Structure formats: C-alpha cells, structure tokens
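Geometric and topological summary
As a plain string of letters, each chain reads:
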Amino acid sequence: MLTEDEVFELLAFLVSSARLCVDEPKLYGTFRLVDAASRLLGFVLQSDQVQDKRSVQQLKDEIDENKFLMTTDQEGYVKFLDDLTRKVVRELKKRASAAL
Amino acid sequence: MDVLEAIKQRRSIRQFTEQAIKRELLEQILDAARWAPTAGNQQRWRFIVVTDPTVKEMVRKVSPGIFATPAAFIVICAEAAPDASDWDEWTYLADCAVAAQNIMLAAHALGLGSCVAISYARAAVQEILDIPDQVNPELIVTLGYPAEDPAPPPRLPLSQIVFADRYRKEW
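Rules used in this analysis
Residues numbered from 1 in each chain as written. Chains lettered and ligands numbered in written order. Predicted model: local features only at pLDDT ≥ 70, side-chain atom pairs only at ≥ 80, totals over all residues. Helix = DSSP H or I, 4+ residues; strand = E, 2+ residues; numbered from the N terminus. Buried ≥ 20, exposed ≤ 12 C-beta atoms within 10 Å, placed from the backbone. Contact = placed C-beta atoms within 7 Å. Nonpolar A, V, L, I, M, F, W, Y, C, P; charged D, E, K, R; others polar. Expected span 1.5 Å × (residues − 1).

Each helix and strand counted, chain A has five helices and zero strands in total. Going residue by residue from the N terminus, the α and β elements of chain A occur as α-α-α-α-α. Along the longest, intermediate and shortest principal axes, the C-alpha atoms of chain A span 45 × 35 × 20 Å. Here chain A, with 100 residues, has 12% of them falling under the buried criterion. Restricting to contacts in chain A with at least 6 residues of sequence separation, those with at least 24 account for 48%.

The following block contains the structure:
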C-alpha cells in the first residue's frame, strides 16, 4: 500500500523520533507516536487502496486537530489520547464484524 | 517595524506557502543574526542556509519537530574552539539561541514566518549537511511566507514571573 519513498519517509521519522525520545520529555514520545500515526494515515489516504476513506480521514483529522494539546493542555491531551484509542477500537470492531 | 511591536506580533509559524525567499532577504536576516551578542564575543556560531529542495526534504524527514517544508532552513551550528571548556560549550547554545531570536524577529519584520526547532536527529542532520564532528547543529530555524495566522499562545502575567529585589517578593 505504501510506496518505497513513503516507507523511507516514515522510517526516517520513526528512527529520528526514537533518538529524540532518549532526551525529550516523556510526553513528547507519545506525541511522536500519534504524529507518526497521522503521517501513516496520510500515506494510506493518498493510495487508492483504502476502503473506508471517510473513517481514515476522520481519524487523521482528529489527531491533527488535537495533537498540539500536548504543549498547551496536558489533561486535554491525555483525554484526546483516550478518546482516540476508543475510536480506533471502534474501527477495529467495525472491521471485525464486517469480516464475519 | 518597531522592535517591541515585532516581539509581540511574532508567532511560531509551522505552515508555509511555496513562495521562495529572495537572497537579499536571507542576507538581511543573516546579518541580523551576525549582530546578536555572544559570550566573550566568541562568535562561534555558523549558519547553514538550506534552500535546495532535495536537501530540504532530507532535513525535514529526520526532523520530527518540523511539520512542513519551508522555503529555507537556517541551521545554526556551534563550531567549538579547539580548546573549548565545558563552560565555553554551554555558552554556545545560549549564543545560538540569541541569534535565533534575531533571525526570527528580522524575518517577521520582513514579512516572513519562522519557527525554531530543536527536535531533529542531530547525527542525521550532520550526515546530510556534511557537518564535521567538532561542529554541533544546535538549532534549526524554518523560514518562509506564512500559510497560517495562529492566535497568540497564553503568556503568564508579569505578576507571576517578575519579582522585586528578592525571589517571590512582589514587584
């Protein structure tokens, strides 16, 4: 689904983030992870192989609209992460029931 | 533009248009950086201006703290003196930070947006830009024409951060 260039872009982001996590505050590591998730979803949306584009776009928008709470509102940021994990699980359930 | 006005109006800009920055503007910005004070007038900063699209993309890819490709990066490096002490090296970062502020204020006065980044893989940036071992890429400033107009972030009131004569004594 991802092109080789996209794989290397994500790879560069992930390994650079791994190095930064050694020195940066703990919360920044969580930010890098959701930012990587957003980047991954961005690449998926660019491909023509995604079946439910709307849900994928909504998840990406949710991340991009809230990820910077990390710098301004720690409590709100953690709530956003909780909400995001619930939304991802709902997507997993939706896909699991569709596969039955 | 009045300097106090520039200080208050400047915002960290993370989204840029594709418009290139003329060399004359970059020179004015770098000249402002050159006039920043340094500890003991050491002037150990070095500035790498990155505008080549391929090089810019590589720098962005190893910089998780940079969210879009700007028209230019200014990579502010500290070239350590051969006999640099720990104290000298500590002052380099302060000197680079002061130069970064001059860069950002000059950029704002010239109608450009900027943001200072510290979240990048240093070893990767050294490799991309052929930076020798004794030279440390301390900060990266992104520069470009703004594609966003962010609201001012909250600031603590002076009453909370300023004291008179003694710590915690009301000013």
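With 11 residues of chain A at the interface, the matching set in chain B holds nine residues. Those elements that place two or more of their residues in the side of chain A that touches chain B are helix 1 (4-23) and helix 2 (26-46) of chain A. Among the elements that take part in the side of chain A that touches chain B, helix 1 of chain A stands out by supplying seven residues, more than any other. Split into classes, the residues belonging to the side of chain A that touches chain B amount to three nonpolar, three polar and five charged.

A separate point is helix 2 of chain A. Residue and element names in this part refer to chain A. The end-to-end C-alpha distance of helix 2, which contains 21 residues, comes to 31 Å, matching closely the 30 Å that a straight helix rising 1.5 Å per residue would cover. Those residues of helix 2 lying buried are Phe31, Arg32, Asp35 and Leu41. If you follow the buried residues of helix 2, they end up packed against helix 1, helix 3 (53-66) and helix 4 (69-72).

Once that is clear, we can look at unusual backbone geometry. All names here are of chain B. Unusually for a residue other than glycine, Gln43 sits at a positive phi of about 50°. On the secondary structure map, Gln43 appears in the loop between helix 2 (23-34) and strand 1 (45-50). A count of 14 C-beta atoms within 10 Å places Gln43 in the partly exposed class. Positive phi, close to 70°, is recorded for Asp165, a residue that is not glycine. Mapped onto the elements, Asp165 comes out in the segment after helix 6 (158-161).

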